[in-house]
Amino acid sequence: MSLPFARDVAVGLLRDMLAIRRLEEKSAECYSAGKIRGFLHLYIGEEAVAAGAVRQLTADDAIVATYREHGHALVRGMPMDAIMAEMYGKATGCSRGRGGSMHLFDAARRLYGGNAIVGGGLPLAVGLALAEQMRGTRNLAACFFGEGAVAEGEFHESMNLAALWKLPVLFLCENNLYAMGTALTRSESQTDIQAKAAGYAVRAAAVDGMDVFAVEAAVREAADAARGGGGPALLEFRTYRFRAHSMFDAQLYRDKAEVEAWRERGPIIRLTTQLKAAGLMTEDDFQRLLREADAEVEGAVEFASAAEWEPVADLARHVYAETAP
Amino acid sequence: MIEPLRITYREAVKQAIREALQSDPRVFLMGEDVGKYGGCFAVSKGLLEEFGEQRIRDTPLSESAFVGAGIGAALGGLRPIVEVMTVNFSLLALDQIVNNAATLCHMSGGQFPVPVVIRMATGAGRQLAAQHSHSFEAWYAHVPGLRVVEPATIDDARGMLRAALACPDPVIVFEPISLYNMEGELTEAASSVRLDGARVHRAGRDVTLVTYGASLWRCVTAAEELATSGIEAEIIDLRSLRPLDDAAIMHSVRRTRRAVIVDEGWRSGSLAAEITTRIVEQGFYDLDAPVARVCAEEVPIPYPRHLEDAALPGASRIVAAVKGLVGHGQ
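Residues numbered from 1 in each chain as written. Chains lettered and ligands numbered in written order. Predicted model: local features only at pLDDT ≥ 70, side-chain atom pairs only at ≥ 80, totals over all residues.

All names here are of chain A. Relative to each other, helix 1 (residues 7–32) and helix 9 (residues 267–277) sit at 150°, their axes nearing to 10 Å. Classified by the interaxial angle, the pair formed by helix 1 and helix 9 is roughly antiparallel. The crossing of helix 1 and helix 9 is left-handed. Residues Ala10, Leu13, Leu14, Met17, Leu18 and Arg21 of helix 1 pack against Pro267, Ile268, Leu271, Thr272 and Leu275 of helix 9. Looking at the contact of helix 1 with helix 9 residue by residue, the classes come out as 9 nonpolar, 1 polar and 1 charged. (Axes fitted to C-alpha atoms, helices over the stretch in contact; angles between N-to-C directions. Helix = DSSP H or I, 4+ residues; strand = E, 2+ residues; numbered from the N terminus. Parallel < 35°, antiparallel > 145°, perpendicular 65-115°, else oblique. Left-handed = near helix turned anticlockwise from the far one by under 90°. Contact = placed C-beta atoms within 7 Å. Nonpolar A, V, L, I, M, F, W, Y, C, P; charged D, E, K, R; others polar.)

Here it is as structure tokens:
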């Protein structure tokens, strides 16, 4: 069985996905233990999208993500310590603890946040791409959002504006079939999301979001075209969220059998099976990757636990800029 | 000696935009009809020809997308001036302004200031009926993270826009629709105009009128009429609605011992309510009379002239409110 990538690349992708998976499984534990509060939205099942997409971007590209963004931040290179500390609400978190799970920001890595308003990040990505175009760079803006955002006016307004001005935006739709608890078929007249791009003359494709190589290939192609002045693209990644929408979700709206069927074709199982079948990885290798991921996660939990709280005296800091940007 | 330049409010705003475009390559203007049409209120007329399509950008009727794009472009290092035709349409962009522009700096721990300027026309007085006559300054002034200003003079129309562009925070600039044709003289260097801080527009000893925007000129008319009765009103032009200049308000009220707040917004939950509370909190024992308010009547602003006039805080209502106070404490 041949793989479309060299062993190192494939193992790297698996490492990324395992890191996300183990970080989030631990996050759920920390949530149950009361260490993480607020909303916690897990990405488990969807890891191939962040892993495949983010590494196809350059360090100078801008990223806008949603409240389900731990994976994107991690693959972008944000240290797990900073992510976990943010979820703990500590001063050493990536947003000084002010954002929590839904709001991971990193100026150095051009991560413009998890955005908690569905569709709210799309216009920002359009503006970030406009800045790149007006400055004459080859950088682009990548915008992740769920299929629920497609029902928002901001999706349509942003697609139109990006296409009208030929802006280098990648609209990366993570279609996990449920907008919180509302199935796509219960909320959209046209459930083939990529088909909506035609109305704006935007290039589009549907991609198997469980196949990390398919994600990589689609993003690479779309990014190349956008950098070359080809304007925006909409990629619809067909994926699935294995866990609840958030920690408050009793999942009354879907069958366990459906979840199980998707789990069987999950992105980590799929790549692991491919690598083993190709003779590029043994079970021992896999277990070692898992231990490495767990060690990093444990280190992050220790870091977050030991970290300091932001002083209450600093409550009102950063409401306004302290220095000119 | 240079003759003072006599120009309109509209021209003053345009001068500020033009000077910014000339002096800073990061500045651009975008909004509905700002280019080919020349601006709904003709503020940007001629700028497309002068600066080109890249920097004077007509947008689709997508308030949320282009205001959000302005915020994104500011995050990306540019200095956008976003023109939302009127405050009425800005409600379609409220999500971007309140959920993104106002929060990102704080929520990112200071990593992402949002230096965007969002201009919009505001207010009634042109018989445009309820949906085109709103004054929602108080809504925006409610939100931490935003700066909200409303220039009411020619100098401020030019100078405050310049100051807004120099500010690293999101600034909402309200331009009263009824003032675009107002003529006046530029008397200050634009560079000396501050973004925040109230100003004493007219000095007086008997009562303080606290106001902003188009109501400044209603207060001026009222003060002239009051003067004929021997009542000297001091007028405070707030200029900045967030932050409010408590010190300037209290400095005046402590001397006059009487205050009337004149506000084109509806009374309930208004800026006038906020200012009244601050005066009571900070100067209750300095007052010789209850604080009074003259606000818009609580109706959707109607179309016919006589009803529109009756709904707005006109000079006669201000005069009556002041006269109701000056008997107190004598």
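Now for the confidence of the model for chain B. A residue-level look at chain B finds 98% of positions with pLDDT of 70 or above and a mean pLDDT of 96. Predicted as a complex, the structure gets a pTM of 0.96 and an ipTM equal to 0.96. (pLDDT = per-residue confidence, 0-100.)

This next bit is on the sheet that holds strand 9 (residues 199–202) of chain B. All names here are of chain B. Taken in spatial order, the 5 strands make up an open sheet running 9-11-10-13-14, and their pairing is mixed. Because the sheet does not close on itself, it has two edges, and the strands there are strand 9 and strand 14 (292–296). Here the average twist between neighbouring strands, direction ignored, is 25°. Of the strand pairs in this sheet, strand 13 (residues 259–266) and strand 14 are connected by 5 bridges, and their pairing is parallel. Considered in strand 14, the bridge of Trp266 is made with Ala296. Strands in contact with helix 9 (residues 215–228) are strand 9, strand 10 (207–211), strand 11 (233–237) and strand 13; relative to strand 11, the strand with the most contacts, it is inclined by about 170°. (Pairing = 2+ DSSP bridges.)

Attention now goes to the interface of chain B and chain A. Between chain B and chain A, the contact holds 35 residues from the first and 37 residues from the second. Contributing elements (two or more residues each) for the side of chain B that touches chain A: helix 3 (63–75), helix 5 (94–101) and helix 6 (104–107) of chain B. Across the side of chain B that touches chain A, the residue classes break down as 16 nonpolar, 17 polar and 2 charged.

Residue and element names in this part refer to chain B. When its domains are assigned, chain B resolves into domain 1 (5–192) and domain 2 (199–326). For domain 1 versus domain 2, the distance between C-alpha centres works out to 26 Å. Contributions of two or more residues to the side of domain 1 that touches domain 2 are made by helix 7 (137–141), strand 6 (147–149) and strand 7 (171–176). (Domains from an automatic or database assignment.)

The subject of this paragraph is helix 6 (residues 153–164) of chain A. Because an α-helix packs 3.6 residues into every turn, residues spaced three or four apart end up facing the same way. With 12 residues, helix 6 of chain A ought to run about 16 Å at 1.5 Å a step, and its terminal C-alpha atoms sit 16 Å apart, in line with that. For helix 6 of chain A, every residue scored as buried is listed here: Glu154(A), Phe155(A), Glu157(A), Ser158(A), Met159(A), Leu161(A), Ala162(A) and Ala163(A). Contact partners of the buried residues in helix 6 of chain A: helix 5 (121–135), strand 4 (169–175) and strand 8 (233–238) of chain A together with helix 3 of chain B. Lys166(A) sits one or two positions beyond helix 6 of chain A and adopts a positive phi of about 50°. (Expected span 1.5 Å × (residues − 1). Buried ≥ 20, exposed ≤ 12 C-beta atoms within 10 Å, placed from the backbone.)

Below, the discussion takes up the nonpolar core. Of all hydrophobic cores here, the largest spans 207 residues; its most connected members are Cys143(A) and Leu170(A). Each of domain 1 (5–192) and domain 2 (199–326) of chain B accounts for three or more of the residues forming this core. Contacts of Cys143(A), omitting those with residues within four sequence positions, involve Val64(A), Gly121(A), Leu122(A), Ala125(A), Val169(A), Leu170(A), Phe171(A) and Leu172(A). (Core = buried A, V, L, I, M, F, W, Y, C linked by C-beta atoms within 7 Å.)

Time to look at the packing of helix 1 of chain A against helix 2 (residues 47–54) of chain A. Residue and element names in this part refer to chain A. Close contact between helix 1 and helix 2 brings their axes to 9 Å; oriented N to C, the two are set at 135°. Between helix 1 and helix 2, the angle is such that the two are oblique. Relative to helix 2, the crossing made by helix 1 is right-handed. Within the contact between the two elements, helix 1 uses Leu13, Asp16, Met17, Ile20 and Arg21 and helix 2 uses Glu47, Ala48, Ala50, Ala51 and Gly52. Residues belonging to the contact of helix 1 with helix 2 are distributed by class as follows: 6 nonpolar, 1 polar and 3 charged.

Bringing the environment of Gln22(B) into the picture now. Residues and elements named next belong to chain B. Locating Gln22 in the fold gives a position in helix 1 (residues 9–23). Here Gln22 falls in the exposed class, since 11 other C-beta atoms lie within 10 Å of it. For the pair formed by Gln22 and Phe51, sequence separation is 29 residues and the distance between their alpha carbons is 8.7 Å.

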